[in-house]
Protein chains: 2
Amino acid sequence: MTADSPARHTRQKDAVLRQLRECDDFVSAQDLHRRLDDEGVKIGLATVYRQLNALADSGAADTIRLDGQQLFRLCGDDGHHHHLVCRECGKTVEIDPPSEAWLRRIATSHGFTVESHTLEVFGLCPDCQKETAR
Amino acid sequence: MTADSPARHTRQKDAVLRQLRECDDFVSAQDLHRRLDDEGVKIGLATVYRQLNALADSGAADTIRLDGQQLFRLCGDDGHHHHLVCRECGKTVEIDPPSEAWLRRIATSHGFTVESHTLEVFGLCPDCQKETAR
DNA sequence: TTACCTGCAAACGCTTTGCATCATA
DNA sequence: TATGATGCAAAGCGTTTGCAGGTAA
């Protein structure tokens, strides 16, 4: 571990951070890149990956893996939460995490520490229930 | 949805199933393929993937995603469970699912139904805690 | 001016798929 | 014999990396 990088300020870094702040949900690198592109922001996909990984490494962003791809979200704001995902249309709703005490009790009973956890609940949202009932 | 496949019995299917039974931890498809190869069992990697996916689809095997690859394990019992995963060495321990009532309460409060859920808790296992403390 | 950052494209690792062949039922 | 299963290799997908040129400090 040598001296850390000067952390230069760039247009692209800003764009990634800003866009990340605008999504309150997890986004994939590709998704973020597409959103920036739609906005007219010119940025390489590799740069998006590099920025997101840097944010994740520094602890500024949270990541989860879903369905083979890595999703990122700025962390630190409102504490972490999980998602209720509609299996049909993909709509997501934030839900509160399970009790930390419960997690800790389970982990420590096996001698593990708790660093992070993921929880996702899948079902049908109200709209898709209507569709299916038809 | 038409009639389902006859499910033919083959040497390869047996080999995958047997090898899977021999590991008490999660294994990747590549890992399982290598183990079979070491045993002298001739089998294509694609077949291993196909068998594992078939097992997972049918509900006979559990899968988790760790570090970019999918890991499989026979799920021994009917009731489903979750995992406590060591971030360092990958060791996993089964844990009980959160209360169904809790899940249902959360989902229905948003008008969702509950079909399935995933929960993974990451931390350090006892051995890796010692390593880190060093 | 320096050296970090970027963009492009090629490389990468894991997984899936097309297709001709094999073998179970 | 008929058809699902297999093996091989190529394609696919998300992600990372090498390198030449760009740009903040």
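Since the structure is predicted, the reported quantities are computational estimates derived from the model, not experimental observations.

How each quantity is defined
- Residues numbered from 1 in each chain as written.
- Chains lettered and ligands numbered in written order.
- Predicted model: local features only at pLDDT ≥ 70, side-chain atom pairs only at ≥ 80, totals over all residues.
- Heavy atoms only, no water.
- Least-squares fit on C-alpha atoms with pLDDT ≥ 70 in both.
- Contact = heavy atoms within 4.5 Å.
- Buried area = accessible area lost by both parts, 1.4 Å probe.
- Salt bridge = Lys/Arg side-chain N within 4 Å of Asp/Glu carboxyl O.
- Polar contact = N/O pair within 3.5 Å; in protein donor to acceptor, adjacent residues only side chain to side chain.
- Nonpolar A, V, L, I, M, F, W, Y, C, P; charged D, E, K, R; others polar.
- Pairing = 2+ DSSP bridges.
- Helix = DSSP H or I, 4+ residues; strand = E, 2+ residues; numbered from the N terminus.
- Near = heavy atom within 4 Å.
- Buried < 20%, exposed > 50% of the residue type's maximum accessible area, 1.4 Å probe, protein only.
- UniProt positions renumbered as here; feature names shortened; annotations may be inferred.
- Domains from an automatic or database assignment.

(A) View of the relation of the copies chain B and chain A. Its rotation angle being 177 degrees, the transformation that places chain B on chain A also includes 0.3 Å of axial translation and leaves an RMSD of 1.9 Å. Viewed as a symmetry operation, the transformation between the two copies matches a two-fold axis. For chain B, the minimum C-alpha distance to the rotation axis belongs to L119 of chain B and amounts to 2.0 Å. When the interface residues of chain B are mapped onto chain A, 100% of them again fall at the interface, so both copies present the same face.

(B) The interface of chain B and chain A, seen in detail. In this assembly, 36 residues from chain B lie in contact with 36 residues from chain A. Here chain B packs against chain A, burying approximately 2900 Å² in sum over the two surfaces, 65% of which is carbon and sulfur. In this structure, the connection of chain B to chain A is made through zero salt bridges. Taken together, the links from chain B to chain A amount to five residue pairs in polar contact (both at pLDDT 80 or more). Taken together, the residues of the side of chain B that touches chain A sort by class into 19 nonpolar, nine polar and eight charged. Relative to strand 6 (residues 116-123) of chain B, strand 6 (residues 116-123) of chain A runs antiparallel, the two being bridged by seven bridges. Each bridged residue has a counterpart across the sheet, and for T118 of chain A the counterpart in strand 6 of chain B is E120 of chain B.

(C) Geometry of the side chain of H83 of chain B. All names here are of chain B. Among the structural elements, H83 can be located in strand 4 (residues 82-86). Engagement of the side chain of H83 in a polar contact is seen with the side chain of R73, the distance being 3.1 Å. Excluding residues that lie within four positions of it along the chain, H83 makes contacts with F26, D62, I64, R73, V93, E94, I95, L119, E120 and V121.

(D) Spatial organisation of the protein's contact with DNA strand D. Lining the immediate environment of DNA strand D, one finds 23 residues, of which Y49 and Q70 of chain A together with Q12, T47 and R50 of chain B sit closest. Those atoms of DNA strand D that come within 4 Å of the protein belong to sugar or phosphate at a rate of 66%. A distance of 3.5 Å separates a base oxygen of DNA strand D from a polar side-chain atom of R50 of chain A. The side chain of T10 of chain B places a nitrogen or oxygen atom 2.8 Å from a phosphate oxygen of DNA strand D. Elements that contribute at least two residues to the surface near DNA strand D include exactly helix 3 (45-57) and strand 3 (69-74) of chain A together with helix 1 (11-22) and helix 3 (45-57) of chain B. Taken together, the residues of the surface near DNA strand D break down into six nonpolar, 11 polar and six charged.

(E) Expanded view of the environment of Q19 of chain B. Residue and element names in this part refer to chain B. Summarising the element assignment, Q19 is placed in helix 1. The exposure class assigned to Q19 is buried, which follows from its relative accessible area of 4%. Each C-alpha atom, one on Q19 and one on L32, is 7.2 Å from the other, the two residues being 13 residues apart in sequence. In contact with Q19, not counting residues within four places along its chain, are L32, R35, L36 and E39.

(F) Expanded view of the UniProt feature "binding site: Zn(2+)" (unreviewed entry) in chain A. In this structure's numbering, the residues bearing the UniProt feature "binding site: Zn(2+)" (unreviewed entry) are C86, C89, C125 and C128 of chain A. Along the chain, C125 of chain A falls in the loop between strand 6 and helix 5 (126-133).

(G) Spatial organisation of the domain arrangement of chain A. Residue and element names in this part refer to chain A. Its domain assignment divides chain A into domain 1 (1-77) and domain 2 (80-134). For the pairing of domain 1 and domain 2, the buried interface totals around 520 Å² over both sides, and the portion due to carbon and sulfur atoms is 44%. Where domain 1 meets domain 2, there are zero salt bridges. Linking domain 1 with domain 2 are zero residue pairs in polar contact (both at pLDDT 80 or more), by the criterion used here.

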